[in-house]
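Notes for the structure review
Given next are the chains, with one letter for each unit.
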Amino acid sequence: MTKIRVYEYAKKHNVSSKDIIVKLKDMNIEVSNHMAALDDSTIQKLDNTYNPKAKEEKKPSPNNNPQKQESPKPAENTEPKPDKYEDEGDDNTVNTQKLKKKAVAKPVVGKKTVQENRSKESRVFNKGNNNNNRNKNNRNKQKSNYQQQAPVQRKVKELPKKITFTESLTVAELAKKLYREPSEIIKKLFMLGVVATINQSLDKDAIELIASEYGVEVEETIPVDITDLESHVTDDQAADLVERPSVVTIMGHVDHGKTTLLDSIRNTKVTEGEAGGITQHIGAYQVEVSDKKITFLDTPGHAAFTTMRARGAKVTDITIIVVAADDGVMPQTVEAINHAKAAEVPIIIAVNKIDKPAANPDRVMQELTEHGLVPEAWGGDTIFVPISAKTGEGIDSLLEMILLVGEVEEYKANPKTRANGTVIEAQLDKGRGAVATLLVQNGTLRVGDPIVVGNSFGRVRAMVNDLGRRVKDAGPSTPVEITGLNEVPQAGDRFVVVEDEKTARQVGEARAQVTLQSQRNEKSRVTLDTLFEQMKQGEMKELNIILKADVQGSAEALAASLRKIEVEGAKVKIIHTGVGAITESDIILATASNAIVIGFNVRPDVNAKRAAESENVDVRLHRIIYKVIDEIEAAMKGMLDPEFEEKIIGQAEVRTTFKVSKVGTIAGSYVTDGKITRDSGVRLIRQGVVIFEGQIDALKRFKDDVKEVATNYECGITIKNFNDVKEGDIIEAYVMEEVERA
Ligand SMILES: Nc1nc2c(ncn2[C@@H]2O[C@H](COP(=O)(O)OP(=O)(O)OP(=O)(O)O)[C@@H](O)[C@H]2O)c(=O)[nH]1
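The name an unreviewed UniProt entry assigns to the protein chain is Translation initiation factor IF-2, from the organism Peribacillus saganii. Per UniProt, the protein chain has the following entry under Subcellular location (unreviewed entry): "Cytoplasm".

So, in structure tokens, the structure goes:
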């Protein structure tokens, strides 16, 4: 007996199942849900309502009219089984306006597929029959019955209870999840007023709507950004955390003995008990002191340290600042201190070269107190260790002090988990391919581990330690050199071990597609123009400033004035002051500490300019103290109003000078960058310091006055009211441009 279910009937008549159920209720016929089967008399009653004509033209049932299948007409509908009822009674029996509309939605129907469907269906039923039929005598009879009934009884896979999706699904994907034909979904969408193709992607609302039509639950899963390496790092249980070696960086002024100290520690400690070990420079090494290990990063200097930090890597636990006892605190000593302070890393002072007759450790201590580093002996909390990197004196005490700081700070890690850490250095080796020294910061790295390193990926093929020995595993704070990556990563890149090689490839490739530029854009650098907005959003309570000035006096005066600024709880924090041109190291520190740079009577050098541009660091150049204060205060109040901004348009180098009576000094110059225009403002810069600021008096090419001179051309420049031009000076040209405030 043909069973027609509520939803089939509803579909045929282009009404909702609910309508049918309500209608039946009106007729005092109870049905449980849209899957309920309707008997003939109920269908008859419904037909009277929805299709009065059907009364007169009562259609034969498929059972008593097997020929019907042969007739070409039903072939017009090739919908899967739930639509079979529709197939049987397709022609002109439904005449509601809606259904006419529905007919338009059936262009997918074709004669060819109906045959396919049928043969498929009969196969299905034959199979079912063979499996289930216990009465062999009835077999043939039943078979013929099934064949007749086959189109009606096609099995439809049961609906899932719940489906999940991320962001969207195409019609085909949704159909697959619901175990339905895409055409059925397309039809449903059409009923809902959405014309969709099989590959069309559906948004959350559409997916939910369709699923609810089937009574299926929907769950949206939040997409995981696989390119975020941290998402591959698993959380540690407190119980798994054990003590790990401290990681130490050595910094200090040029020639104060950083390299000698690193070598001396290594030579005296590394080979002890490691007979035959040939030290190998892999960018870091470990020494053992009193049964404990200490890891030293082999690249001394604060620039390297802060470059890593600017890339987001937090590698160093402790910094040692080396100060030569015969030379005292020098500019780079101060830089190193400020870089370490900005990174909030404990500092140990190694007062070096105490073997020298001119050594004066007390003077070093005295000078350092001016930078907030007061020795314990004088009531402060900074550890000072007098050493001689050359003779080895005091090195043991220095190492003991490192262990002590490590104990106090309690550096811990979990050796049981998958490894993650940072690239210390990396290069391409002719024979071995990409070679990278990794510092394992957590977990244990093993040969064979699938790994993502920065934008590269692979499997750890071989590991070599700092003694050049092959190792199979490396625990927390251990530096190892690995091979097996597809590309050379960069120092400061993070690495993580992932579950399998496929994931490593997927993540590595996805990361490689995210360009450096877009990574940079993601970083929200502080600028005076956006400062107020950032403060309003509660992102910032302190404005970090790096201040460079022409002389110490103005640097100090300006820093003191800036520190006094306080706007609604937000303050200025001067993280570094110095004398002289703005250098690349200043820009790196600004990048790592999210600071702006103020140049007072000084300019950035070429490398600093390039770095500031590529890293989007806000560099403000001034000549008058109160204007600096005004600008910072206004920016913090959101009242920054200069609608004009200075734009540097070019630079010329003074190659020679001519003194001409009446005219003054003519600067025979060569334009090295941009252009110089007749009406631009100019600054005369000598060794990074602004000597004079004013206007151009005359701009000439040979004897002719010209409006502008472009890069790589020579010209003669005279500056209004200024004649003290010297060979080697830089003439910087700028214009004031109107800018839109963010
Ligand atoms: N007398 C004496 N000389 C030392 C000591 N430490 C270093 N020197 C010497 O000082 C000079 C500079 O030492 P380096 O270790 O190269 O100094 P650095 O800080 O690494 O220098 P840069 O790499 O240029 O920044 C070398 O000639 C060393 O031999 C020391 O404790 N005593």
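A few points about the site of the ligand
Taken together, 15 residues lie near the ligand, and Lys-258, Thr-259, Thr-260, Asp-355 and Ala-389 sit nearest. Within the contact set of the ligand, an oxygen atom lies 3.1 Å away from a side-chain nitrogen or oxygen of Lys-353. Within the complex, 71% of the 650 Å² of free accessible area of the ligand lies under protein. Among the elements that make up the shell around the ligand, the one with the highest residue count is helix α12 (residues 258–269) (three residues). Here the residues of the shell around the ligand are counted per class, giving two nonpolar, seven polar and six charged.

Side note on the pairing of strand β8 (residues 246–252)
Within β8, seven of the seven residues are buried, which leaves it mostly tucked inside the rest of the structure. Every second residue of β8 is oriented toward a common face, with Ser-246, Val-248, Ile-250 and Gly-252 on one face and Val-247, Thr-249 and Met-251 on the other, all of them buried. Pairing of β8 with strand β10 (residues 292–297) involves three bridges; the strand directions are parallel. In the strand pairing of β10, Val-247 is matched with Thr-295. Summarising the sheet, β8 and strand β11 (residues 318–324) pair through five bridges and their orientation is parallel. For Met-251, the partnering residue across the bridge sits in β11 and is Ile-321.

A look at the pattern of salt bridges
Going through the model one piece at a time under the given rule, you end up with 30 salt bridges. The partner of Glu-367 in a salt bridge is Arg-363, and the shortest N-O contact between them spans 3.3 Å. Here Arg-363 and Glu-367 lie together in helix α15 (residues 361–369), a separation of four residues that amounts to about one turn. Residues Arg-603 and Glu-732 are paired through a salt bridge, measuring 2.8 Å at the closest nitrogen-oxygen approach. With a gap of 129 residues between them, Arg-603 in the loop between β27 (595–600) and α22 (606–615) and Glu-732 in strand β36 (residues 730–738) connect regions that are remote in the sequence. Within the structure, one salt-bridge network assembled from shared partners comprises Arg-603, Arg-623, Arg-683, Glu-693 and Glu-732.

Digging into the environment of Leu-38
By secondary structure assignment, the location of Leu-38 is in strand β2 (residues 37–38). Spatially, the C-alpha atom of Leu-38 lies 8.7 Å from that of Tyr-9, the residues being 29 residues apart in sequence. Apart from the residues lying within four places of it in its own chain, the contact partners of Leu-38 are Ile-4, Arg-5, Val-6, Tyr-9, Leu-24, Val-31, Ile-43 and Leu-46.

A look at the confidence of the model for the protein chain
Averaged over every residue, the pLDDT of the protein chain is 79; residues scoring 70 or more account for 79%. Here residues 54–152 is a poorly scored stretch, pLDDT under 50, and it has 128 contacts once near neighbours within four places are set aside; other chains count. Every residue in residues 271–276 scores below 50 in pLDDT, and together they form six contacts with partners more than four places removed in sequence or on other chains. For this predicted complex, the interface score ipTM comes out at 0.98, alongside a pTM of 0.58.

Rules and cut-offs
Residues numbered from 1 in each chain as written. Predicted model: local features only at pLDDT ≥ 70, side-chain atom pairs only at ≥ 80, totals over all residues. Heavy atoms only, no water. UniProt positions renumbered as here; feature names shortened; annotations may be inferred. Near = heavy atom within 4 Å. Polar contact = N/O pair within 3.5 Å; in protein donor to acceptor, adjacent residues only side chain to side chain. Areas by Shrake-Rupley, 256 points an atom, 1.4 Å probe, with all protein chains shown as cover. Helix = DSSP H or I, 4+ residues; strand = E, 2+ residues; numbered from the N terminus. Nonpolar A, V, L, I, M, F, W, Y, C, P; charged D, E, K, R; others polar. Buried < 20%, exposed > 50% of the residue type's maximum accessible area, 1.4 Å probe, protein only. Pairing = 2+ DSSP bridges. Salt bridge = Lys/Arg side-chain N within 4 Å of Asp/Glu carboxyl O. Contact = heavy atoms within 4.5 Å. pLDDT = per-residue confidence, 0-100.

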